[in-house]
Amino acid sequence: MSPSQLPATATAAREALRTQTIELPSWAFGNSGTRFKVFSQPGGPRDPYEKIADAAQVHRYTGVAPRVSLHIPWDLVDDYGALRRHAEDLGVSIGTVNSNTFQDDDYMLGSLCHPDPVVRRKAVDAHLRCLDVMGHTGSRDLKIWLADGLNYPGQDDLRARQDRLAEGLAEIYAALEPHQRIVLEYKFFEPSFYSTDVPDWGTSLLHCMALGDQAMVVLDTGHHAPGTNIEFIVAQLLRVGRLGAFDFNSRFYADDDLIAGAADPFQLFRIMHEIISADALQPDSGVNFMLDQCHNIEPKIPGQIRSVMNVQEATAKALLVDRSALRAAQEAGDVLGAHGVLMDAYNTDARPLLADLRTEQGLDPDPMRAYAASGYAERIAAERVGGSQAGWGA
Ligand code: PSV
Ligand code: MN
Ligand code: MN
């Protein structure tokens, strides 16, 4: 079908899909594993420069992944201006900067929530250093995920920890440039198991609202109890204009960090349906669509390509929902009719539409095949000898 013969929803879907972007995590390219074993893969990147080079491959074959998130201190370099230019030379840019206050002995009992003001000072300063990095990389967002929490009832004062958190966040917020944002990520368990200090979207939202308009909530799809209606949270945060970003991944049990759309593609579709309903797909909507994944047993660059394609497919299907038919059925109280409209879109094969779109953009319609045929994997395996590979955490 030529574009002029497509139904109106498909034409609109195509236009919207052209504007979608998905941000990649630098840590998806380094070696990772479980607490049982980290497997190293041939050609693994040895430093942030090589991680960005690998991320640029994902953008090269999908055309929709133009940014890479950094994790500080995993991605420490001497010159962030040089790293930025390196990214730009490869056709991508540096996106969100993730702070890390969970791999230092001082943070055993928390960081911004720690009972000792000396440790809290250290944690605030770590975030201020991230803001400094962002000045050089041109990043907009500082993503804060805290491993803070308690393992035992009575271990510390739940309310006092919230007060300390509010105080630390306020100091970091005060250092933001007008175009920058804090995006605050919640997680209901792990590494602490009795309570975490930002366990849910409500806690994150309360802190963001107290901070101001430059603070937004991050929703990581792996950070909820099983059975949680995540699309409801998406709808609610969009309603109040506080959904800053997604960390997309799949989970079967806990924070599995598997390929987005692999475990529950229907959930991803339902999430994207709420995004489309709120007109929040475009990059200027303020919602940053990021991946937060690890590829422990599968090759990493194709793993990221697959993930990006899964998010695109869910988006395409959500764009194909016949919204006027849906509204009419909803207003008429036609339960099965309304459900049917949604399922019709979900059950549509969106792959031909996406393949056409890629061809139109001068890309190979099959990014997985194109990457495999490029020889890049063989080249990095041969070239990246010497030095040590970057792992999850370095
Ligand atoms: C924590 O589980 C998390 O989802 C946060 O986003 C971190 O930044 C990321 O994983 C990597 O540890
Ligand atoms: Mn995350
Ligand atoms: Mn996580």
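Residues numbered from 1 in each chain as written. Chains lettered and ligands numbered in written order. Predicted model: local features only at pLDDT ≥ 70, side-chain atom pairs only at ≥ 80, totals over all residues. Heavy atoms only, no water.

Thoughts on the pattern of salt bridges
Next up, step 1: All chains considered together, the criterion is met by 26 salt bridges.
Next up, step 2: Its salt-bridge partner being Arg14, residue Glu360 comes within 2.4 Å of it at the nearest N-O pair. One end of the pair, Glu360, is in helix H12 (residues 351-360); the other, Arg14, is in helix H1 (residues 8-19), with 346 residues separating them in the sequence.
Next up, step 3: Taking the relative accessible area as the measure of exposure, Glu360 reaches 38% and is therefore partly exposed.
Next up, step 4: Counted as one network, the salt bridges with shared partners bring together Arg14, Glu15, Arg18 and Glu360. (Salt bridge = Lys/Arg side-chain N within 4 Å of Asp/Glu carboxyl O. Helix = DSSP H or I, 4+ residues; strand = E, 2+ residues; numbered from the N terminus. Buried < 20%, exposed > 50% of the residue type's maximum accessible area, 1.4 Å probe, protein only.)

Structural notes on the pairing of strand E8 (residues 181-185)
Successive side chains on a regular strand alternate, one facing one side of the sheet and the next facing the other.
Next up, step 1: Extensive coverage of E8 is indicated by the burial of five of its five residues.
Next up, step 2: Here E8 shows two buried faces, one formed by Arg181, Val183 and Glu185 and the other by Ile182 and Leu184.
Next up, step 3: In this sheet, E8 lies alongside strand E6 (residues 141-144) in parallel orientation, the contact comprising four bridges. Looking across to E8, one finds that Leu142 is bridged to Ile182.
Next up, step 4: As paired elements, E8 and strand E10 (residues 215-220) share four bridges and run parallel to each other. When the bridges of E10 are listed, Glu185 appears paired with Val218. (Pairing = 2+ DSSP bridges.)

A word on the coordination of the manganese ion (ligand 3)
Next up, step 1: Distances from the manganese ion (ligand 3) to its protein donors, His223 (NE2) and Asp255 (OD), fall within 2.2 to 2.3 Å.
Next up, step 2: Here the manganese ion (ligand 2) and the manganese ion (ligand 3) are spaced 3.7 Å from one another. Here His223, found in the loop between E10 and helix H7 (230-239), pairs with Asp255, found in the loop between strand E11 (243-248) and helix H8 (265-277); they are 32 residues apart in sequence, far enough to count as distant.
Next up, step 3: Among the residues examined, Asp255 registers a relative accessible area of 17% and is labelled buried. (Donors = N, O, S within 2.8 Å, 3.2 Å for Na, K, Ca; no water.)

Quick word on the packing of aromatic side chains
Next up, step 1: Counted according to the given criterion, the structure contains 13 aromatic pairs.
Next up, step 2: Each ring, one from Phe246 and one from Phe248, has its centre 4.7 Å from the other, and the planes form 10 degrees; the classification is stacked.
Next up, step 3: Since its relative accessible area comes to 0%, Phe246 is described here as buried.
Next up, step 4: Classification of Phe248 as buried rests on a relative accessible area of 1%.
Next up, step 5: Between Phe246 and Phe289, the ring centres sit 5.7 Å apart and the planes meet at 20 degrees, which makes this aromatic pair stacked. Residue Phe246 is located in strand E11, and its partner Phe289 is located in strand E12 (residues 288-291); the two are separated by 43 residues in the primary sequence. The same class applies to Phe246 as to Phe289, namely buried.
Next up, step 6: The structure contains a cluster of three or more aromatic residues connected by ring pairs, namely Trp27, Trp74, Phe102 and Trp145.
Next up, step 7: A cation sits over an aromatic face here: Arg270 above Phe266, 4.7 Å from the ring centre.
Next up, step 8: When the ring centre of Tyr346 is taken as reference, the NZ or CZ atom of Lys317 above it lies at 4.6 Å. (Phe/Tyr/Trp six-rings, centres within 6.5 Å; stacked < 30°, edge-to-face > 60°. Lys NZ or Arg CZ within 6 Å of the ring centre and 35° of its normal.)

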